[in-house]
Amino acid sequence: MVDLLSRLLDTDCLNLCHRVVDGICGREPPLRDDYSNTWSLQEWLELLNSLRALFCLAVKSSSSDEEVLAMLSDVGSRHAEAVLSVLRSRQEEIRHALLDRTNSISSATLQDFEWQLKLALSSDKISSLHTPLLSLSLDVRENGALQPVTMELNREELSKLIGSLEAANKVDTN
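Residues numbered from 1 in each chain as written. Predicted model: local features only at pLDDT ≥ 70, side-chain atom pairs only at ≥ 80, totals over all residues. Heavy atoms only, no water.

- For the chain, an unreviewed UniProt entry supplies the name COMM domain containing 8 and the organism Acanthochromis polyacanthus.

1. Concerning the packing of aromatic side chains
For step 1, the next point in the chain: If you walk through the whole model with that rule in mind, you get three aromatic pairs.
For step 2, the next point in the chain: With a centroid separation of 5.6 Å and 35° between ring planes, the pair formed by Y35 and W39 is classed as tilted. You'll find Y35 and W39 in the same group, each marked buried.
For step 3, the next point in the chain: Look at Y35 and W44: their rings are 5.2 Å apart centre to centre, the planes differ by 15°, and that puts the pair in the stacked class. Across the pair, exposure class does not vary: Y35 and W44 are buried alike. (Phe/Tyr/Trp six-rings, centres within 6.5 Å; stacked < 30°, edge-to-face > 60°. Buried < 20%, exposed > 50% of the residue type's maximum accessible area, 1.4 Å probe, protein only.)

2. Focus on the pattern of salt bridges
Proximity of charged atoms lets side chains of opposite charge pair with each other.
For step 1, the next point in the chain: Per the stated rule, a full pass over the model turns up 10 salt bridges.
For step 2, the next point in the chain: A salt bridge links E28 to R19; the shortest N-O distance between them is 3.9 Å.
For step 3, the next point in the chain: The salt bridge involving E156 is made with K160; its shortest N-O contact spans 3.7 Å. On the criterion of helical spacing, the pair formed by E156 and K160 is a turn pair, its members being four residues apart in helix α6 (residues 155-170). Each member of the pair, E156 together with K160, is exposed.
For step 4, the next point in the chain: Several salt bridges converge on common partners, so that one network encompasses D22, R27, R90 and E93. (Salt bridge = Lys/Arg side-chain N within 4 Å of Asp/Glu carboxyl O. Helix = DSSP H or I, 4+ residues; strand = E, 2+ residues; numbered from the N terminus.)

3. Considering the nonpolar core
For step 1, the next point in the chain: In terms of nonpolar packing, the biggest core is built from 33 residues, with L16, F55 and V83 touching the most fellow members.
For step 2, the next point in the chain: The set of elements that each furnish at least two residues to this core consists of α1 (10-24), α2 (41-60), α4 (77-89) and α5 (91-103).
For step 3, the next point in the chain: If you tally residues by element for this core, the top one is α2, at nine residues.
For step 4, the next point in the chain: Apart from residues no more than four positions distant in its own chain, F55 is found in contact with C17, V20, V21, I24, V83, V86, L87 and I94. (Core = buried A, V, L, I, M, F, W, Y, C linked by side-chain atoms within 4.5 Å. Contact = heavy atoms within 4.5 Å.)

4. Description of the domain arrangement of the chain
For step 1, the next point in the chain: Under the domain assignment, the chain is made up of domain 1 (1-105) and domain 2 (108-172).
For step 2, the next point in the chain: Spacing between the C-alpha centres of domain 1 and domain 2 amounts to 40 Å. (Domains from an automatic or database assignment.)

5. Remarks on the side chain of R90
For step 1, the next point in the chain: Within the secondary structure layout, R90 lies in the loop between α4 and α5.
For step 2, the next point in the chain: When neighbours within four sequence positions are excluded, R90 is seen to be in contact with H18, V21, D22 and R27.

6. A closer look at the environment of E142
For step 1, the next point in the chain: Turning to its location among the elements, E142 is positioned in strand β2 (residues 131-142).
For step 2, the next point in the chain: In the structure, E142 is positioned 12 residues away from H130 in sequence and 37 Å away in space, judged by C-alpha atoms.

7. Structural notes on the sheet that holds strand β3 (residues 145-153)
For step 1, the next point in the chain: Strands sit in the order β1-β2-β3 across an open sheet of three strands; the sheet is antiparallel. Bordering the open sheet on either side are β1 (109-120) and β3, each of which pairs with just one other strand. Across this sheet, the average inter-strand angle for adjacent strands is 15°, counted without regard to direction.
For step 2, the next point in the chain: Inspection of the sheet shows β1 paired to β2 by 11 bridges, in the antiparallel sense. When the sheet's bridge partners are listed, K118 is paired in β2 with L133.
For step 3, the next point in the chain: Across the face of the sheet, α6 comes into contact with β2 and β3 while running at roughly 130° to β3. (Pairing = 2+ DSSP bridges. Axes fitted to C-alpha atoms, helices over the stretch in contact; angles between N-to-C directions.)

Structure representation (structure tokens):
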């Protein structure tokens, strides 16, 4: 975004930022044709992706004005103020759009869970096993109905589950 935004007048910068937020919120995003005289296709994509990422990151992390301005340090102060004003005026709208996007992944929600650690001493194939097992019971609500889900995980399976949950927690909602 270094000098890409500087090619716009202040009012055009405000309009572009509002249209980017419109796109995040599921309405019509800014169109490349409207800005084809200002930026090449590569520049347009870079600017659009940078603005989307900035708006989403600032809302997700509840960034202060100073933190947002620091993220925009390579942009002129008038344009940075324009971006910040759009962010502040539409922050709740962006937050709701991001929450809706996250919630639309699945209609199921975790209501409660219970776990137990067990030690399997033997099996029908091995007389001495001594393997720790985690018994995990989940109460999942989907479409108004509560459904129990039970699973038994060994150490390797539990590590994979924890890894996938950590990865899901880090996923950017862009």
